[in-house]
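Residue strings, one per chain:
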Amino acid sequence: MPHRGQHRARDGRHDADGRHVLLQPLHRVLLGPGLRRRRDNPHGRLGGQHPELRRLPRRRLRPDRHRRHRRHDGRLHARTPDLRRAADGHRRQLRVPRPEEAAAVNAPTDITYDVVVAGGGSAGVAAAVSAAEEGARVLLVESSGSVGGTLSWQLLEHSAGFHDVHGEQVVAGFGQRLVDRLTAAGASPGHVRDDVGYTATRTPVDHAELALTQSVMLAEAGVDVWLQSVPVGLDRDGSRIAALHVHTSHGRRTVRAAAVVDATGDAAIAALAGAPFQNDTTAVQPVSLTFKLGGADIGALLAYLSENPDEIRPGSVLGSGTDDHANVWGLGALLSAGHASGALSLRRTEMHLALWPTRGEAVVNVTRTTGADGLGAAHAVLSRQVLEFVRWFRADVPGFGDCRLVAVADRVGVRESRRVRGVHTMTAAEVGDGTPFADAIGRGAFPIDIHAADGAGLSHTDAVGAGYAIPYRILLVPDPANLLVAGRCVSSTHEANGTLRITGTCFVTGEAAGVAAAMAAHHGVVPAEVDTTRLQERLADRGVLLPTGAGRAAGCGARVGAG
Ligand SMILES: Cc1cc2nc3c(=O)[nH]c(=O)nc-3n(C[C@H](O)[C@H](O)[C@H](O)COP(=O)(O)OP(=O)(O)OC[C@H]3O[C@@H](n4cnc5c(N)ncnc54)[C@H](O)[C@@H]3O)c2cc1C
């Protein structure tokens, strides 16, 4: 006779022990009961045997803060009321509310962490995982229903910036660990030749497996993640952010942390705090809605392009129908004909196709607008463009006669919005010259990639040769003093942001912000007071590639054969 748990396990909502999966802590739902066992993390530390211990900080921040004692029922728990409240608040936040709990939804809850990261995209996930691995107790607050950010949910399937034009690797650390994991799972071919020749490599990734893997990595690192939650206000204590007020599906929560990382892309926390922003240009890059077509014969498209070489960017190498992935910028003649015939209302002279030949799939980056009044209006304009392009592909593009729209980005893709005015502002000249910085926290090498706000193509793509150093000070704002910024909203000019915004580089600024935030919390200082030599040493130990001469520059000079 099957027992009750076995019956329930078959209904998909209960596990083999008959427990409702949605009512269990998220780490248990994601990782299963295996999390209870001791296991190694990538940095050789052992996770605690008890799930509650995994959520507690691993390093002593104040002499009495980590002391734990046994309760009468034999379970371990934190001695201090602060940490007990934090753990209770965490459980309340993650549990799906029962109807009878409606009255408690707005009950104020005050929760304390070492580090809060806002935004769960490329930079935010790197920051949160890195801070937790450095021993901090970390909360990640993400406004959408999943981590992954623009790289996952704009369906880009195309990370970039890991190597310079000569094939020397400039980005490793967290970003490389993520790529290695996806490659091992068959969700990425790893770094492959950049067919278009902007730089040596690009890094195709399966967008859904990327987001799921990031979610699992956060859970493994012990990061608490609040989804569908938005910081809506903050309290200041002089020059510090004392507390963030977060709107969650359970009502408002108040979160305190020694350091806050703004990885929202839009510098949303900096805006709440009244931090200053760059005002060097009004010509921000256009927004887009990326979509994916399935059921295509990519070999037929590549054959057409091979017969019509003017249809691809000069200097491109054409992939083959048996490749894992192929990269194409072009189709100018077909696009012009489509616009002339009235099939396409948008005039474009080229488009980006990230192609998965053996899967018959193409990720299409071609839509754009700048003039719409708000994201909702932009979404309507872009949706109309997507639908036009789908019909045009079926009618006019070789190999796409039977294609289907299989996915569209779940959000308007924003290339550029608020950029903070930080302690240092990185300029195009510093990018181009490879200016050395004593406080370098990593490197970048992707060209300055700026899409014209009103033109039909790219306004410019400047090669940056052997890459550039990224100074720590572009992550710091003068006020509030305990705020770090990571990802595309770092302190940079419009032009320099054209390379800093690329995902490989966002992993770099995210990892540095996370490690620095953990160090600031640990030493009881603000991020500007963190010892940058020590920060560089920690980053080098984690596999981050630093410019020669910065820190111990471990791993500098690693090269890749762009295959
Ligand atoms: C159309 C398009 C094509 C691109 N193509 C490429 C490409 O091929 N290769 C490449 O490397 N880069 C590409 N980029 C650039 C790159 O994708 C982004 O610059 C990069 O992903 C930004 O990373 P991020 O972590 O700073 O922000 P994001 O990845 O955008 O993450 C920010 C996160 O914060 C969340 N958030 C926002 N506001 C709040 C808030 N108030 N509270 C909590 N959470 C919040 C968002 O939901 C999101 O998850 C492209 C960008 C666009 C728009």
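An account of the accompanying structure is given in this report. (Residues numbered from 1 in each chain as written. Predicted model: local features only at pLDDT ≥ 70, side-chain atom pairs only at ≥ 80, totals over all residues. Heavy atoms only, no water.)

### Quick word on the pairing of strand E12 (residues 291–294)
On E12, burial covers both faces: Phe291 and Leu293 on one face and Lys292 and Gly294 on the other are all buried. Pairing analysis gives three bridges linking E12 to strand E15 (residues 361–365), with the strands arranged antiparallel. Following the sheet pairing, Leu293 is matched in E15 by Ala362. In the sheet, E12 pairs with strand E16 (residues 404–408) via four bridges, with the strands oriented antiparallel. Looking at E16, one finds that Gly294 is bridged to Arg404. (Buried < 20%, exposed > 50% of the residue type's maximum accessible area, 1.4 Å probe, protein only. Helix = DSSP H or I, 4+ residues; strand = E, 2+ residues; numbered from the N terminus. Pairing = 2+ DSSP bridges.)

### Quick look at the site of the ligand
Around the ligand, a shell composed of 33 residues is seen, among which Glu142, Thr150, His158, Arg501 and Thr503 lie nearest. Note that a nitrogen atom of the ligand is positioned 3.1 Å from one of the backbone N or O atoms of Ser143. Thr503 places a side-chain nitrogen or oxygen 2.6 Å from an oxygen atom of the ligand. Burial of the ligand by the surrounding chains reaches 92%, relative to a free accessible area of 1,000 Å². Residue assignment for the shell around the ligand shows that the elements contributing at least two residues are helix H5 (122–133), helix H6 (149–153), strand E5 (158–160), strand E9 (230–237) and helix H15 (503–523). Ranked by residue count, the leading element in the shell around the ligand is H6, at three residues. The residue inventory of the shell around the ligand, partitioned by class, reads twelve nonpolar, 16 polar and five charged. (Near = heavy atom within 4 Å. Polar contact = N/O pair within 3.5 Å; in protein donor to acceptor, adjacent residues only side chain to side chain. Areas by Shrake-Rupley, 256 points an atom, 1.4 Å probe, with all protein chains shown as cover. Nonpolar A, V, L, I, M, F, W, Y, C, P; charged D, E, K, R; others polar.)

### Brief notes about the pattern of salt bridges
Under the criterion given, the structure shown has 25 salt bridges. Between Glu157 and Lys292 there is a salt bridge, with its nearest N and O atoms 3.2 Å apart. Taken together, the positions of Glu157 in the loop between H6 and E5 and Lys292 in strand E12 put the pair 135 residues apart, joining distant regions of the chain. A single burial state applies to Glu157 and to Lys292, both of which are buried. Among the charged side chains, a salt-bridge network with shared partners connects Glu133, Glu134, Arg177, Glu511, Arg538, Asp541 and Arg542. (Salt bridge = Lys/Arg side-chain N within 4 Å of Asp/Glu carboxyl O.)

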